[in-house]
Structures are given as C-alpha cells and as structure tokens.
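Listed here are the chains, written in short residue letters.
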Amino acid sequence: ATAAITTDNLSQLTNLIHNELGKLIDTKNFYLTLINPQTNSLNFPFFVNEIDNLSSFPDNKTLAHLIVKTKKSLLLSKKDQEELEKRGEIAGYGTRPVIWLGVPLKINNEVIGVIAVQSYKDKLAYTHEDQEVLEFISGQISMAIYRKKAEENLKEALLKAEESDRLKSAFLANMSHEIRTPMNGILGFSQLIKDTSISSEEHAKYVEIIEKSGERLLNIINDLVDISKIEAGQMDVYISKCDIHEQLQFLFTFFKPEADIKGLNLKLDPIVTKDKLNIITDREKLYAIFTNLIKNAIKYSRKGEIQFGYNIVDSRLDDLNSSSKLIIEKGIPSKMIEFYVKDTGIGIPKDRIKAIFDRFVQADIEDSNVFEGAGLGLSITQAYIEMLGGKIWVESEENKGSRFYFTLPYFKEGEKGEQINTEAIEENISSNKKTLKILIAEDEKISDAYLTAILKKINSKLYHASNGKQAIDIMKENPDIDLILMDIKMPIIGGYEATQEIRKFNKKVIIIAQTAYALAGDNAKAIKSGCNDYLPKPVDSNELINLIDKYFY
Ligand code: ADP
C-alpha cells in the first residue's frame with residue numbers, strides 16, 4: 001500500500017512487488033500480467049525467468065488465461081499441467097515448470113490480472129500455505145496496481161489536454177497573424193497613398209503591396225470556405241476530360257518565375273510531352289492539388305530543385321479510395337496515375353508527418369510565424385484527392401527534403417474495358433466473409449447515403465430507418481440483424497432511447513453509436529445505454545470497416 005504512493009510508475013511498483021515477494025517465497029521465476037480492458041488480452045508488464053525469454057504474452061490458453069477464466073488461484077505440479085494440456089484447457093508454450101503457482105488479481109471481484117511464480121528445479125518450492133499467503137496479499141497488490149494505473153491514466157490525460165491546449169493556442173495565434181498581417185498591409189498602405197507628396201514609384205509599390213495583401217487575404221478566406229464546404233459534405237465534384245500533360249505544362253510555366261526568384265530549379269518530368277494524355281477527373285481540383293503541393297515545395301525550400309511529374313502504374317487497392325463517388329460509379333481501374341512533387345527543402349520532422357494533413361496544423365508548432373500559411377492547404381488537398389478516388393502520402397527527411405505522392409484512378413474517356421467492376425473485386429475480397437445484415441438508423445439522407453456507400457464494400461444486406469421508432473420496429477421484425485449503426489440525434493425517438501428499448505428484447509445485435517460530437521460524455525452515454533461501441537461523426541470509412549472486422553470477422 002505504501003509502495004503505491006511512493007513509486008513513480010507501474011514498472012517501479014511491479015519491481016518492488018517482485019522484491020518484497022522474494023522475501024516470502026522463491027521468485028526467481030515470476031511474472032505479473034494485466035488485462036488490457038480495450039482488447040481483453042493480457043499485457044506483460046513484468047517478467048523474470050531463468051529459462052525462457054518471452055517478449056510478449058501468448059494469445060490464449062496459458063495458465064494465466066485459465067486463472068482469468070476461473071477467477072481462482074492454482075497450485076499445479078508438472079503432472080497437473082500435462083493433464084490440463086491433454087484436456088485442451090491450456091496449450092503448450094515455453095518450458096513447463098515442475099511447479100506453478102498463480103493467483104488472480106481482483107478489484108471488486110473482477111479479475112484485472114494474474115501473478116505467478118514457478119520453479120524448474122524444486123517440486124516442493126511452493127506449498128498450499130504459500131498459495132494462501134499469495135492469495136492473501138494479492139488483494140493489496142491489486143489495489144496498489146489499480147491506484148498506480150489510475151494515476152498513470154490521469155497523467156496521460158493531462159498530457160493530452162496540455163497538448164491540445166498548446167495546439168489551440170498555436171492555431172489562434174497563427175490565424176490571428178495570418179489575417180492581421182495582410183489586413184495591416186491593406187490599411188497601412190492605403191493610408192500612405194493618401195499622401196500626395198509621395199513619388200509615383202512609391203505609389204506604384206504601395207499599390208502593389210495592397211494588391212498582394214488583398215490576394216493573400218482572399219486565399220485564406222477561400223481556404224476557409226473550402227474546408228467548411230468539405231466538412232459539410234457540400235464540395236461538389238465536376239468530372240470531365242482533362243489533359244494531364246497540358247495541365248502539368250501550364251503549372252510549370254506558371255510557377256517557373258516564382259521558383260526562379262528564390263533560386264530554385266523547377267523541373268518537369270520528361271515523361272510530360274506535347275502529346276495529349278486525357279483522363280477523366282475533376283480538372284479544377286487536380287489543378288488546386290498541384291498548386292498547393294508546388295506552392296508548398298517552393299515555400300519550404302531554400303535551395304536545390306523541385307521536380308514534379310507522374311508514373312502510370314498498376315492499381316493498388318490500398319492506394320485508391322474505393323469509397324469515392326467516382327470509383328463507386330466507375331469501378332476500380334486496372335491502372336492508376338501516381339503523381340509526385342519532390343523538393344530538397346527543409347523537410348518535415350518524423351513525429352509531425354501525420355499531423356500535417358490535419359486542418360489548421362503546421363509541422364512547426366513552436367514558431368509557426370516563420371512561414372506564412374494557415375495550415376489548411378494539405379487538408380484541402382487530401383480531401384480533394386480522396387474525393388477523386390486517390391490517396392496522398394509523403395516521405396520526408398529533415399533538412400534533406402520531402403516527396404509528396406498522390407494517386408488518381410486512370411480512367412480514360414469512354415473506355416470501360418480496362419475497368420474491373422468494383423463489386424466483383426470487393427466480392428472477391430469478402431467472399432469468405434458472411435453477409436452481414438446491417439440497419440442504418442439515420443435521419444439525414446446524405447449521411448445515410450454515405451454509410452451505404454461505405455458498406456457496399458463488404459458483403460451486406462442493408463435496412464434503413466430514419467428515426468428511433470422505425471429502428472425499434474425494424475429490429476422487432478428482423479431479429480437476425482447483426483449490426484445497427486445508430487445515429488444519436490434522431491426525431492421521434494433518439495438513439496440512446498432506441499438502443500435501450502432494443503436491448504430489452506435483443507441483447508445479441510451489435511450496436512455502434514454515431515456520436516455527433518466527439519465528446520467523452522457522449523461516448524460514455526452511448527455505452528451506458530447499451531451500445532457496444534461508438535464512432536465520431538463524420539464516420540471515417542476505415543474506422544467503420546475496422547470496427548466491423550473487430551466484431552464479425
Ligand atoms: P501551410 O503551408 O499553410 O502551413 P499546409 O496544410 O499546406 O499549410 O501544410 C501544413 C504543414 O506541412 C506546413 O505548415 C509545413 O510545416 C508542412 N509542409 C507542407 N509541405 C511541405 C514541404 N514541401 N516541405 C516541408 N514541410 C512541408
């Protein structure tokens with residue numbers, strides 16, 4: 001009990017338990033394993049062994065799993081263990097000790113883990129008295145571990161909160177800077193040109209600054225409007241024929257002067273010729289994607305070269321976004337275009353690579369004023385690429401440079417021969433999986449259509465309810481539905497209440513709540529009302545598929 005307070009962390013505490021226990025019994029071979037409540041598997045915080053050197057705890061059917069199952073302590077000779085193995089209660093792993101003693105660690109009669117000691121030499125190393133002693137002190141040990149874990153969780157939550165606070169402050173400071181700087185330029189220089197005594201050159205220079213500032217402000221406003229539209233699901237895609245070569249040539253001509261001013265060598269892949277290379281895509285969006293990437297490459301480089309171009313490669317399912325409308329309509333193409341923009345600039349620190357695609361996030365949190373920008377370009381770029389059926393990723397090394405890659409499906413005009421039907425491929429992927437009956441309880445038509453599009457990817461039969469009452473009725477009529485995606489805010493009867501009602505007559509169906517705001521309270525409420533899990537809205541297609549995999553496959 002004292003150790004729970006005096007030790008700094010769980011590992012120190014388990015060390016101390018091991019030492020103290022060593023004063024009572026032989027702990028040359030000792031382990032302490034805790035249940036991970038999220039995965040229900042056993043974690044391995046402490047292990048000492050004379051013979052085996054396990055780095056992770058085996059998946060199931062160990063003696064510890066048996067203790068978790070029976071909630072009782074066990075003192076087993078080698079023969080007892082062999083007997084259990086024969087009966088299939090445990091599976092063979094590691095070297096069998098001549099005697100094994102394990103006790104459950106319990107809090108409120110719930111097993112939270114197991115401690116075990118074993119001997120490879122001395123059959124009489126542990127007696128029933130030792131078993132009693134260990135049982136007796138396991139309560140204290142459980143409490144100590146429980147407290148320490150709670151403390152560690154709190155520390156982690158605090159760190160997260162501090163990090164999010166830091167990000168918020170950095171964001172506010174940056175946005176304020178991004179809007180104020182051009183605004184000051186406009187207001188300040190407007191004042192100056194009122195002065196009739198300035199020369200005509202100065203006048204022209206000031207007007208240019210005002211224009212530039214206006215443009216910069218407009219860019220930020222455009223980005224803000226775009227990201228809002230994307231988030232609201234209202235960004236439209238206009239598909240038409242688009243000559244990739246012509247677009248890339250145009251981009252090259254457009255950005256060449258800007259690169260020259262910075263002394264950067266802008267290069268276009270020689271694959272881009274005067275011949276046409278037409279594909280079917282949204283040309284404006286492709287243009288915006290490249291503009292953002294090349295602009296960034298120029299912005300974040302001080303020397304060297306920037307090269308952009310493409311390669312046509314065989315489709316890789318992982319690098320295409322099969323829930324995009326374009327692919328749902330046209331199927332998965334056999335080829336895709338892999339575009340790239342490479343620079344020899346400042347690069348991105350490893351731990352920030354993932355974050356740069358987030359809204360309002362810059363790689364450099366500490367000093368985000370050095371480079372202008374609101375941290376929106378890449379989020380918009382990523383959203384556009386995914387809408388068009390592709391994916392984006394980056395390889396980067398600090399002070400060496402970055403290589404951004406993105407794919408787009410290679411759809412040629414009017415050509416269907418090359419395409420493979422999406423459903424055929426997806427059926428292939430999921431052919432060994434059973435057909436799931438899924439009820440989408442959702443009042444908003446767009447969200448329902450979105451979920452339907454995602455669920456097309458798996459073998460499923462879909463039912464639709466637009467309010468909680470309908471969901472209850474459909475469940476009564478179809479008790480064999482496997483899964484409900486339950487929206488929380490629905491008319492007539494809301495999601496929580498509908499879940500509670502359904503739970504009265506169906507305990508089996510998996511219910512996943514779609515919580516509108518990723519607030520901790522919402523999630524806890526969902527679980528309390530009887531949902532098995534929750535997903536924040538807007539639902540991420542990969543997260544949903546992962547959850548379905550977790551519960552059904
Ligand atoms: P912004 O450039 O407006 O800050 P972006 O969303 O375009 O926003 O980029 C987010 C962050 O990613 C940038 O702030 C920068 O830290 C990093 N980044 C983007 N492109 C590059 C690049 N080519 N080289 C180095 N860092 C980059």
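Residues numbered from 1 in each chain as written. Predicted model: local features only at pLDDT ≥ 70, side-chain atom pairs only at ≥ 80, totals over all residues. Heavy atoms only, no water.

Draft legend 1. Spotlight on the overall build of the chain. For the chain, the count of helices and strands is 16 helices and 19 strands. Its C-alpha atoms give the chain a radius of gyration of 31 Å, more than 25% over the compact-globule value 24 Å for 553 residues. Counting the 553 residues in the chain, one finds 45% classified as buried. (Helix = DSSP H or I, 4+ residues; strand = E, 2+ residues; numbered from the N terminus. Rg over C-alpha atoms; globule rule 2.2 N^0.38 Å. Buried < 20%, exposed > 50% of the residue type's maximum accessible area, 1.4 Å probe, protein only.)

Draft legend 2. Summary view of the packing of helix 13 (residues 468–477) against helix 14 (residues 495–505). Contact geometry for helix 13 and helix 14: axes closest at 9 Å, N-to-C directions at 15°. Regarding the angle of helix 13 to helix 14, the classification is roughly parallel. Judged by the twist between their axes, the crossing of helix 13 over helix 14 is right-handed. Each of G468, A471, I472, M475 and K476 in helix 13 lies in contact with helix 14, whose residues at this interface are A498, E501, I502 and F505. For the contact of helix 13 with helix 14, the per-class residue count stands at six nonpolar, one polar and two charged. (Axes fitted to C-alpha atoms, helices over the stretch in contact; angles between N-to-C directions. Parallel < 35°, antiparallel > 145°, perpendicular 65-115°, else oblique. Left-handed = near helix turned anticlockwise from the far one by under 90°. Contact = heavy atoms within 4.5 Å. Nonpolar A, V, L, I, M, F, W, Y, C, P; charged D, E, K, R; others polar.)

Draft legend 3. Main features of the packing of aromatic side chains. Scanning all chains against the criterion turns up ten aromatic pairs. Centre to centre, the rings of F250 and F254 are 6.2 Å apart; their planes meet at 25°, and the pair counts as stacked. You can see F250 and its partner F254 sitting in helix 7 (residues 244–261), four residues apart, about one turn around the helix. Residue F250 is classed as partly exposed on the basis of its relative accessible area of 47%. Judged by centre distance (5.9 Å) and plane angle (55°), the ring pair of F290 and F308 falls under tilted. Taken together, the positions of F290 in helix 8 (residues 283–299) and F308 in strand 9 (residues 305–314) put the pair 18 residues apart, joining distant regions of the chain. Accessibility assignment for this pair places F290 and F308 in one class, buried. Lying over the aromatic face of Y384, K285 brings its terminal NZ or CZ to 5.3 Å of the ring centre. Directly above the aromatic system of F411 lies the positively charged group of K330, at a separation of 5.5 Å from the ring centroid. (Phe/Tyr/Trp six-rings, centres within 6.5 Å; stacked < 30°, edge-to-face > 60°. Lys NZ or Arg CZ within 6 Å of the ring centre and 35° of its normal.)

Draft legend 4. Local environment of the pattern of salt bridges. Applying the stated criterion across every chain yields a total of 20 salt bridges. Across the pair E151 and K155 runs a salt bridge whose closest N-O atoms are separated by 4.0 Å. Here K155 and E151 lie together in helix 5 (residues 128–194), a separation of four residues that amounts to about one turn. Between D533 and K550 there is a salt bridge, with its nearest N and O atoms 3.2 Å apart. Remark: K550 occurs in helix 16 (residues 541–552) and D533 occurs in strand 19 (residues 533–536); sequence separation between them is 17 residues. When salt bridges that share partners are traced, they join K148, E151 and K155 into one network. (Salt bridge = Lys/Arg side-chain N within 4 Å of Asp/Glu carboxyl O.)

Draft legend 5. Just the sheet that holds strand 7 (residues 265–268), in detail. Across the sheet, five strands lie side by side as 7-9-11-13-12; this open sheet has mixed pairing. Bordering the open sheet on either side are strand 7 and strand 12 (392–397), each of which pairs with just one other strand. With direction set aside, neighbouring strand axes in the sheet form an average angle of 15°. Taken together, the six bridges between strand 12 and strand 13 (residues 401–409) define a ladder with antiparallel strand orientation. (Pairing = 2+ DSSP bridges.)

Draft legend 6. Expanded view of the site of the ligand. Surveying the vicinity of the ligand reveals 19 residues, the closest of which are N296, Y300, D343, Q362 and L378. One of the side-chain nitrogen or oxygen atoms of N296 is found 2.8 Å away from an oxygen atom of the ligand. The separation between an oxygen atom of the ligand and a polar side-chain atom of K299 is 3.0 Å. About the coverage of the ligand: the protein hides 95% of its 530 Å² of free accessible area. Counting only elements with at least two residues in the shell around the ligand, the list comes to helix 8, helix 10 (377–387) and strand 13. Among the elements that make up the shell around the ligand, the one with the highest residue count is helix 8 (three residues). Of the residues belonging to the shell around the ligand, the class tally is ten nonpolar, seven polar and two charged. (Near = heavy atom within 4 Å. Polar contact = N/O pair within 3.5 Å; in protein donor to acceptor, adjacent residues only side chain to side chain. Areas by Shrake-Rupley, 256 points an atom, 1.4 Å probe, with all protein chains shown as cover.)

Draft legend 7. Spatial organisation of helix 13. What helix 13 keeps buried is the set G468, A471, I472, I474 and M475. Buried residues along helix 13 cover an arc of 165° about the axis, so they all sit on one side. Summarising the geometry of helix 13, the exposed residues directed more than 90 degrees from the buried face are K476 and E477. Here the buried face of helix 13 lies against strand 15 (436–441), strand 16 (460–465), strand 17 (483–487) and helix 14. Where helix 13 begins, the capping side chain belongs to N467, and its oxygen is found 3.0 Å from the backbone nitrogen of K469. (Arc of directions from axis to C-beta.)

Draft legend 8. Representation of the confidence of the model for the chain within the structure. For the chain, mean pLDDT is 85; residues scoring 70 or higher make up 93% of the total. With pLDDT under 50 throughout, residues 416–432 is counted as low confidence; its partners more than four residues away or in other chains account for 28 contacts. (pLDDT = per-residue confidence, 0-100.)

Draft legend 9. Quick look at the environment of T281. Topologically, T281 is positioned in strand 8 (residues 278–281). Looking at T281, the relative accessible area reads 2%, which means it is buried. Setting aside chain neighbours within four positions, we find T281 in contact with Y238, I239, S240, C242, L286, L388 and L408.

Draft legend 10. Structural view of the sheet that holds strand 15. The strand order 16-15-17-18-19 describes an open sheet built from five strands, whose pairing is parallel. Only two strands of the sheet have a single neighbouring strand rather than two, namely strand 16 and strand 19. On average, each strand axis in the sheet is inclined to that of its neighbour by 20°, with strand direction left out of account. Here strand 15 runs beside strand 17; their pairing, made up of four bridges, is parallel. Note that in strand 17 the partner of A441 across the bridge is M486. In the packing of helix 13 onto the sheet, the strands contacted are strand 15, strand 16 and strand 17, and the crossing angle to strand 16 comes to about 135°. Packing of helix 16 onto the sheet brings it into contact with strand 15, strand 17, strand 18 (510–515) and strand 19, and relative to strand 19 it is tilted by some 170°.

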